[in-house]
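Architecture and fold: a report
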Amino acid sequence: MDILKDHINSFALVAALVILVVTLSISSSLFKAMREKTNEGVLYNNGHKFDGIGEFLNNIPTGWVVSFLVAITWGVWYIFLGYPVFSYSQIGEYNKEVAHYNENFETRWKNLSKKDLEQMGQGIFLVQCSQCHGLEATGLDNTARNLVKWGKEEGIMEVIAQGSVGLGYQAGEMPPLEMSAEDAKAVASFVMAKISDLKHTKNPQLIQKGATIFANTCVACHGVGGKGQGGMAADLTHYGTQTFLKEILDKGKKGHIGEMPSFAYRHFNDIQVSALAHYIQSLQGEE
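Anyway, here's the lowdown on the structure attached to this text. (Residues numbered from 1 in each chain as written. Predicted model: local features only at pLDDT ≥ 70, side-chain atom pairs only at ≥ 80, totals over all residues. Heavy atoms only, no water.)

**Notes on the packing of helix 4 (residues 114-128) against helix 11 (residues 270-282)**
Note the cut-off: Only C-alpha atoms enter the line fits that serve as axes; for helices the fit covers just the stretch in contact. Angles between N-to-C directions range over 0 to 180 degrees. Each helix is a run of DSSP H or I of at least 4 residues and each strand a run of E of at least 2, with the numbering of both proceeding from the N terminus. Just so you know how the angles are binned, under 35 degrees is roughly parallel, over 145 roughly antiparallel, 65 to 115 roughly perpendicular, and the rest oblique. Any two residues whose heavy atoms approach within 4.5 Å at even a single point are treated as in contact. Side-chain classes are defined by residue name, with Ala, Val, Leu, Ile, Met, Phe, Trp, Tyr, Cys and Pro counting as nonpolar, Asp, Glu, Lys and Arg as charged, and the others, Gly among them, as polar.
Across the interface, helix 4 lies against helix 11 with an axial gap of 7 Å and an inter-helix angle of 95°. Classified by the angle their axes make, helix 4 and helix 11 are roughly perpendicular. In this structure, helix 4 uses Lys114, Leu117, Glu118, Met120, Gly121, Gln122, Ile124 and Phe125 to contact helix 11, whose residues at the interface are Ile271, Gln272, Ser274, Ala275, Leu276, His278, Tyr279 and Ser282. Its residues assigned to classes, the contact of helix 4 with helix 11 shows 8 nonpolar, 6 polar and 2 charged.

Structural data, given as structure tokens:
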């Protein structure tokens, strides 16, 4: 974009040039005065001369004071009034372009089938995620999270056994829980069937047992309904869903394995996040 076509940038450029010219002009006149041989009207601090230049004991030159006040006044006006009122920036223009693109994208692809969403999600995964999680999403021998398990009952069982860190909840990090594999499976069944919005479990016969264990072990942090008590802990109603995935993409995660950076700057729209969520869910077929 041509900078001169934007009035805010043009005004800033002209103002900067004016300040530069005034500063050079006043500085030149003052240096010339200091080099003059006569001391008429000029008071020097005895002993503070170098190469014919002496230290002034006079008041600050009026021109400098005026230039300084004008520069400060213009800066305050520009920061608090000029820019917000006229509001142009290249970052703002970029954000508008992204929003316009996302609007067109969502209009075009809003009625995709589940299969199409999975295919789109696979493409996003291969470009953005496979470098760390592997082409098969298994985590490259535990160097990243195994997404074949994430968002499913196996993922909950893994968290119960290993704990969970790196999402910055107010309740703190979740330590590993001393729980048998069978009890962990029951809790996972209850969470996925009754708490998570996915409402599906492969082990319905364990739901009641899982409810009892959840009430005795997990409610203290996650709350009775598993909603995380207003951000104190993870909201399990979103576990495995697009909403939970969006939170991780935006916040990033500093986990047991390593650090996943925030992907907020990628500006994934809702359809792209939904597609990625569908693909991750498809990585392990339901029984």
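**Things to note about unusual backbone geometry**
For the record, the criterion: Exposure classes here rest on a 1.4 Å probe applied to the protein chains alone. A residue is buried below 20% of its type maximum, exposed above 50%, and partly exposed in between.
Unlike most non-glycine residues, Leu140 shows phi in positive territory, near 50°. Relative to the helices and strands, Leu140 resides in the loop between helix 5 (130-133) and helix 6 (153-162). What makes Leu140 partly exposed here is its relative accessible area of 41%. Even without being glycine, Asn142 reaches a positive phi, approximately 70°. Mapped onto the secondary structure, Asn142 falls in the loop between helix 5 and helix 6. We classify Asn142 as exposed; its relative accessible area is 57%.

**A few points about the nonpolar core**
Selection rule: Buried Ala, Val, Leu, Ile, Met, Phe, Trp, Tyr and Cys residues form a nonpolar core when they are joined through side-chain atoms within 4.5 Å.
Counting 43 residues, the largest nonpolar core has Val191, Phe214, Leu245 and Leu276 as its most contacted members. Mapped onto this core, the elements with two or more residues apiece are helix 4, helix 6, helix 7 (181-195), helix 8 (207-217), helix 10 (242-251) and helix 11. Take this core: its biggest share by element is 9 residues, from helix 7. Sequence-distant contacts of Val191, that is, excluding residues within four places in its chain, are made with Ile156, Ser196, Phe214 and Leu236.

**Some remarks on the packing of aromatic side chains**
We apply this condition: Think of it this way: a Phe, Tyr or Trp ring, Trp meaning its six-membered ring, pairs with another when their centres are within 6.5 Å, and the plane angle makes it stacked under 30 degrees, edge-to-face over 60, tilted otherwise. In this scheme, Lys NZ or Arg CZ marks a charge over a ring once it lies within 6 Å of the ring centre and within 35 degrees of the ring normal.
Counted by the stated rule, this structure contains 9 aromatic pairs. Each ring, one from Tyr101 and one from Phe105, has its centre 6.0 Å from the other, and the planes form 35°; the classification is tilted. A residue pair is termed a helical-turn pair when its members lie 3 or 4 positions apart in one helix, as Tyr101 and Phe105 do in helix 3 (residues 90-109) at 4 residues. By way of ring pairs, the aromatic residues Tyr101, Phe105 and Trp109 are connected into one cluster. If you follow Lys251 out to its NZ or CZ, it ends over the ring of Tyr169, 4.6 Å from the centre.

**Remarks on the pattern of salt bridges**
Basically, it comes down to this: The term salt bridge refers to a side-chain nitrogen of Lys or Arg lying within 4 Å of a carboxyl oxygen of Asp or Glu.
Enumeration over the complete set of coordinates arrives at 6 salt bridges. Where Glu158 meets Arg145, a salt bridge forms, and the shortest distance between an N and an O atom there is 2.6 Å. Of this pair, Glu158 sits in helix 6 while Arg145 sits in the loop between helix 5 and helix 6, and the two are 13 residues apart along the sequence. By relative accessible area, Glu158 is classed as buried at 17%. The residue Glu158 makes a salt bridge to Lys149 at a minimum N-O spacing of 3.9 Å. Given a relative accessible area of 32%, Lys149 falls into the partly exposed group.

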